[in-house]
Amino acid sequence: MTYHMEYDIQIGNFKVQTLKSVRVIKSVSQLSDTAYIELPGTLINETLQVEDKIHRGDPVTIQLGYKQAGLQTEFKGYLKAIKTDNTKIVLECEYELFLWDVPLKNEQLENISLQSLLHKVAQQVDSKYHVLCDYNFTYSKFTINNATGLDVLKKIQDETKANIFFDGQFLIITPVYSKGSWSGKTVKYDMTRNVISADLKYIKASDKKIKVEIEYKGKDGKTYKASTGSEGGKTIKRTVNAGDTSSLSSVAQNEYNLWCYDGYEGSLTGWLLPYCAPTDMVHLMDPTAQHQDGTYYVVGTEVNFSNGGGRRKVTIGRKM
């Protein structure tokens, strides 16, 4: 059976009729989903004008799929920028993070948990947001000075290495490779049936010699440390503004899990079906290496859609 590709892209009140390509990128390590819609620069020998039809901040919905199987919503967000040249128009879009680039009240917060900090910030951005946080971390001091909600999220992600992402009106903060109420479904990929190409390398945590050392200076002036991993290889050292030793241990373990796990490094590429997104699980089957069959955490996806076809690149990691 030949599958016929279809799309439905809506930007504000404007419906895309002529399309060159679409790219949608999602990742648990990326604060926001992003999408790039490429339109032709000219149509029937006339320059295509869109600036009077669409505007920054317009809601965007991208649905892609096949006529025989129906459309799947691949992206919902907002128009961030319009870029044009003589040959094409590129529309840059962003998920909920677009709405977080708003100024916050200047304040200094002491002994505040990550959950409480983000709840306070979310309420300033928009009361519609809810925070789901299972990352155990307390800041001894967190200063907000001429910062936006976006600035705060970036700082937290940089310091804790937590996975921070949006699911509709839920802001989710979780340790790497964590399963929770937000986790998705299990998707089957067979290397001999629905995988077009793969760039995968199977690794074992025992083969990696990595030690993580995290420290912070307490109010008493003493330096406190937490470490995990094994000697004889690479050592990762960082200082964080933690409020207690429990938070220090959480950061150390999270950083170690980011680097050391049993599973694959790399990605596989299939068609638009089956649908797959970050926090889903991929049940991978490989008749040529059955000992590596198993269920793997989906770290990120990239969808490309054009006249040349539709492809979904799936980046996987830790074996669950």
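In this report, we go over the structure that sits alongside the text. Keep in mind the model is a prediction, meaning the values are calculated, not measured.

With that out of the way, let us pick up the overall build of the protein. When you go through the protein residue by residue, the secondary structure sums to 3 helices and 23 strands. Referenced to the eigenvectors of the C-alpha coordinate spread, the extents of the protein come out at roughly 70 × 55 × 35 Å. The 320 residues of the protein split such that 48% are buried. Taking the contacts inside the protein whose residues are at least 6 apart along the sequence as the reference set, 65% of them involve residues at least 24 apart.

Okay, the sheet that holds strand β19 (residues 234-239) next. Taken together, the 3 strands give an open sheet; going across it, the order is β18-β17-β19, and neighbouring strands pair in mixed fashion. Only two strands of the sheet have a single partner each, and these edge strands are β18 (223-229) and β19. Sheet twist, expressed as the mean angle between neighbouring strand axes with direction ignored, is 15 degrees. Across the sheet, helix α3 (residues 245-259) touches β17 (210-217), β18 and β19, and the angle it forms with β17 is around 155 degrees.

In this section: the pattern of salt bridges. Scanning the model with the defined rule gives 9 salt bridges in all. Among the ionic pairs, Lys-20 bridges to Glu-38, the shortest N-O distance being 3.6 Å. With a gap of 18 residues between them, Lys-20 in the loop between β2 (14-15) and β3 (21-27) and Glu-38 in strand β4 (residues 34-40) connect regions that are remote in the sequence. Look at Lys-20 and you get partly exposed, because its relative accessible area is 35%. We note a salt bridge from Asp-52 to Lys-53, for which the minimum N-O separation is 3.6 Å.

With 68 residues, the main nonpolar core has Ile-37, Ile-62, Trp-100 and Ile-173 as its most contacted residues. For Ile-37, the residues in contact, after removing those within four places along its chain, are Ile-9, Ile-11, Leu-19, Ser-21, Val-60, Ile-62, Ile-89, Val-90, Leu-91 and Cys-93. Counting 12 residues, the second largest nonpolar core, distinct from the first, contains Cys-276, Val-282, Leu-284 and Tyr-296.

The next point concerns the sheet that holds strand β14 (residues 170-174). Ordered by their spatial adjacency, 3 strands build an open sheet running β11-β14-β13, and the pairing between neighbours is mixed. The sheet terminates laterally at β11 (130-133) and β13 (163-167), the two strands that pair on one side only. Going across the sheet, the axis of each strand differs from the next one's by a mean of 20 degrees, ignoring polarity. Alignment of β11 against β14, held across 4 bridges, turns out to be parallel. The residue bridging His-130 from the neighbouring strand is Phe-170, located in β14. This element, helix α1 (residues 114-125), spans β11 and β14 of the sheet and lies at about 165 degrees to β11.

Definitions and limits used
Residues numbered from 1 in each chain as written. Predicted model: local features only at pLDDT ≥ 70, side-chain atom pairs only at ≥ 80, totals over all residues. Heavy atoms only, no water. Helix = DSSP H or I, 4+ residues; strand = E, 2+ residues; numbered from the N terminus. Buried < 20%, exposed > 50% of the residue type's maximum accessible area, 1.4 Å probe, protein only. Contact = heavy atoms within 4.5 Å. Pairing = 2+ DSSP bridges. Axes fitted to C-alpha atoms, helices over the stretch in contact; angles between N-to-C directions. Salt bridge = Lys/Arg side-chain N within 4 Å of Asp/Glu carboxyl O. Core = buried A, V, L, I, M, F, W, Y, C linked by side-chain atoms within 4.5 Å.

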